[in-house]
Every structure is written in structure tokens, then in C-alpha cells.
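# Observations on chain architecture
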Amino acid sequence: MAKVVGVRFRNVGKVYYFDPKDYEIRLYDHVIVETARGMEYGKVVMPPKEVAEDEVVRPLKEVLRMATREDDEREKANRQREREAYKVCQQKIREHNLDMKLIDAEYTFDNNKVLFYFTADGRIDFRQLVKDLASIFKTRIELRQIGVRDETKILGGIGICGRCLCCHTYLSEFAPVSIKMAKEQNLSLNQTKISGVCGRLMCCLKNEQDTYEELNKRLPGIGDMVTTPDGVTGTVHSVNVLRQTVRVVIEENDEKEIQDYSVEDLKFRSRKKKGKNQDPEGKEAADRKPEEKKPQDRKAEEKKPSEGKNESRRQENKKGESRKQEEKKQESRKQNDEKGENRKQNDRKHDSRRRGDKKGQSRNPEEEPSAKK
């Protein structure tokens, strides 16, 4: 176990752990800590307590000291300088005609660096902009590109519920949200109705997801067959997740009737999710005794030898096909060699004939009659 204190640097940011040492730190006190960016002024959001070693990232940095009045005044001055830096940077962006939207400016506590947060559709070449800002502020400049969710978290706003945005008030990290959560909660799949100010799926879909998953496990699926308390079977027409009621369609004498029942009064097959190798009783298939094996497992075991035979046959077929292909290649090579030899022989014959014709033409015509005599 390690003793830590939780510190947050922005209004709604991630909580970082630090070693409180021997300081008497209370909730909402301000402290000065050492970070990767240098000295920072933070607010204590979690008093000193013991946490497990896996939750701590080593080496754990220490709290340098408690914040004084001078530190508080310096922090206020930095906030004022951030507003001025924001205006200057915005003006320079217009001068360079860059396609980027400036979101916020931030000074480190020791004024060693100025960070500018912006959004853009693609990559931006802001090298000249950084040079201009460095010549004005005489300190290190860092431009950081962020997404639309981080933009909304920094700027804040009012949600469709009429309250301040969750990400701007208390959410320290974004949770993954999917369209499956909206389906699980029987919400409209209209993108405009389930999207937040940032244009992404609302973060509050995650808040009730665990509750809906637990309630849906007790309900039958739409279209499933159920048995009513009267012993009559019917088809599920719709369900009410929060009230835990089921609307059932019952056929009697060629007439259909819709009735509402409590889920506790109905009999049906539960659609509880199972693990990969786990049965409803919680026993794994590998841990069962031979006497307890189910028919499905026995069939699977019976299929294994046949599957092995099929695999061996496939391998043999592949080997036979590869042999045939090699034989065809050898035959084609032999034919090519024979054709090459025939061509060489024909070329030799043509050469010999040409030489003979040349010799006949070189003879003297006066010698022919004497040779005949």
C-alpha cells in the first residue's frame, strides 16, 4: 500500500497521484507539485489515503510545498496573461491565414511554457506561427491539436437536459460510448437525438448502461414464446424495462388478444449471457467429470476423429496435387529442351548448306570443261 494525495490542475481534468510527505493536506487545499512540465499549481480533490501499488505509477513524485498567498496571486496573474495570449495568437492565426480554430491558452506556473490548444480538420503547418509567438512571448511555445470532445470539455455548455455538460463539470476522463448502448436502452436511433453538443454520442448513455443490462437479463426477447399464469402460451409483443412488465399476444379461437404481465408471473427461457465454455450452472466444460458430460460434448468428441481423418485426407490431396504440378513442370521443361535441340540442328543444317553454295560460286568457270575432259 502507498499513501497518496489526488491533485487536479484544471477545472475538470485528470486526477494525478502525489506523495504527500509529512504535510497536513486537506480537501480543496492548493499545493505546488513537480510534474513533467515543471512546477504546477494544483487543487487537492482527494485527501491523503492508502491505495494499492498497482494503481500508482512509479516513481511517485512528491508535493513540494503548500501554496501560499503569493502563489495564489501568481496563479491569478497567469490566468490574466492567458487571456491576452489567446487574443495575440488568434490575431496571428488570421495573419497567416491558417485553417485552425484556437480553443484555449495555458501558462505553466513557472511561466516556462505557453500551450495553445486548437482544432483542425487535418494537419496544419504552423512553424512560422510558432516563430512569431516565440518572438512575442520570449518563452517556449507548444501548439497542441485536440478533438471535438476535448474542445467541448474546455469550453463547456448546456446539454439537452438543461444542465451544464457532464464533461465540463465532473467527468475527468471520457468513457467509450457505442450505438449498442442506445439500442439496449430502447432509445431512438436518430443521431441528432442521442448526440451531444460535440456531435458525438452522449456520455450519459454510459451512466445507466449497467442498470439496463441487469434489467434486460430478466426480460424475454421480443418474439419469444412465454407461458402465462393460466398456462396459455403467447408471443412477446413488447417489454417495459424499467417497470419490468411484458406485453404478450395470446391467440384464442382465431382471435388475438394483447395482455400485460409482470415478468415474475411468466415462464420463459432466460437469455442470460454465458461465457464461452460455461454452462448455466456455472460449471466449465473442461472441469466436468466423464459422467456429467452433456450429449453435445459427446457429439463433439465423436466428431473429433472424423475431423482428424478429413484433415489427413486434405493433406494427402494437397501433396498429390503438388506432385502432379511438379511432373507437369518437368514435362514442359523436357519439351522445351527438345525444341531447343531441334532448333540448333536445323540452324546447323542451314549453315552447312550456305557454306556449300558459297564454295560452288567461288569456282572458276574455265576449269569446269577441263574437269569434264
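Residues numbered from 1 in each chain as written. Predicted model: local features only at pLDDT ≥ 70, side-chain atom pairs only at ≥ 80, totals over all residues. Heavy atoms only, no water.

## A short note on the side chain of Glu-151
Structurally, Glu-151 can be placed in helix α3 (residues 148-155). Look past the residues within four positions of Glu-151 in its chain and what remains in contact with it is Lys-101, Ile-103, Thr-119 and Ile-146. (Helix = DSSP H or I, 4+ residues; strand = E, 2+ residues; numbered from the N terminus. Contact = heavy atoms within 4.5 Å.)

## What to know about α3
Within α3 the residues assigned to the buried category are Glu-151, Thr-152 and Lys-153. Those residues of α3 that are buried are in contact with β6 (101-107), β7 (113-119) and α4 (166-169). A positive phi of about 80° marks Gly-156, the residue just after α3. (Buried < 20%, exposed > 50% of the residue type's maximum accessible area, 1.4 Å probe, protein only.)

## Some words on the nonpolar core
In terms of nonpolar packing, the biggest core is built from 15 residues, with Phe-116, Leu-133, Phe-137, Ile-141 and Leu-143 touching the most fellow members. In contact with Ile-141, other than residues within four places in its own chain, are Val-114, Phe-116, Val-130, Leu-133 and Ala-134. In this structure, Leu-215, Val-226, Val-241 and Leu-266 belong to the second largest nonpolar core, which totals 12 residues. (Core = buried A, V, L, I, M, F, W, Y, C linked by side-chain atoms within 4.5 Å.)

## Remarks on the sheet that holds strand β8 (residues 140-145)
As summarised here, the arrangement of the three strands in space is β6-β7-β8, forming an open sheet in which the pairing is mixed. The sheet is open, and its two edges are formed by β6 and β8, each paired on a single side. Looking at each pair of strands side by side, their axes are set apart by 20° on average, direction ignored. Looking at chain direction, β7 and β8 are connected through six bridges and run parallel. Residue pairing in the sheet places Leu-115 in a bridge with Glu-142 of β8. Across the sheet, α3 lies against β6 and β7, angled at about 60° from β6, the strand it touches most. (Pairing = 2+ DSSP bridges. Axes fitted to C-alpha atoms, helices over the stretch in contact; angles between N-to-C directions.)

## Here we look at the pattern of salt bridges
Applying the stated criterion to the full structure yields 16 salt bridges. Linking Arg-37 and Glu-40 is a salt bridge whose minimum nitrogen-to-oxygen distance equals 3.5 Å. Looking at Glu-40, the relative accessible area reads 6%, which means it is buried. The shortest N-O distance in the salt bridge between Asp-260 and Arg-247 comes to 2.9 Å. With a gap of 13 residues between them, Asp-260 in strand β12 (residues 255-262) and Arg-247 in strand β11 (residues 245-252) connect regions that are remote in the sequence. Judged by relative accessible area, which is 36%, Arg-247 ranks as partly exposed. (Salt bridge = Lys/Arg side-chain N within 4 Å of Asp/Glu carboxyl O.)

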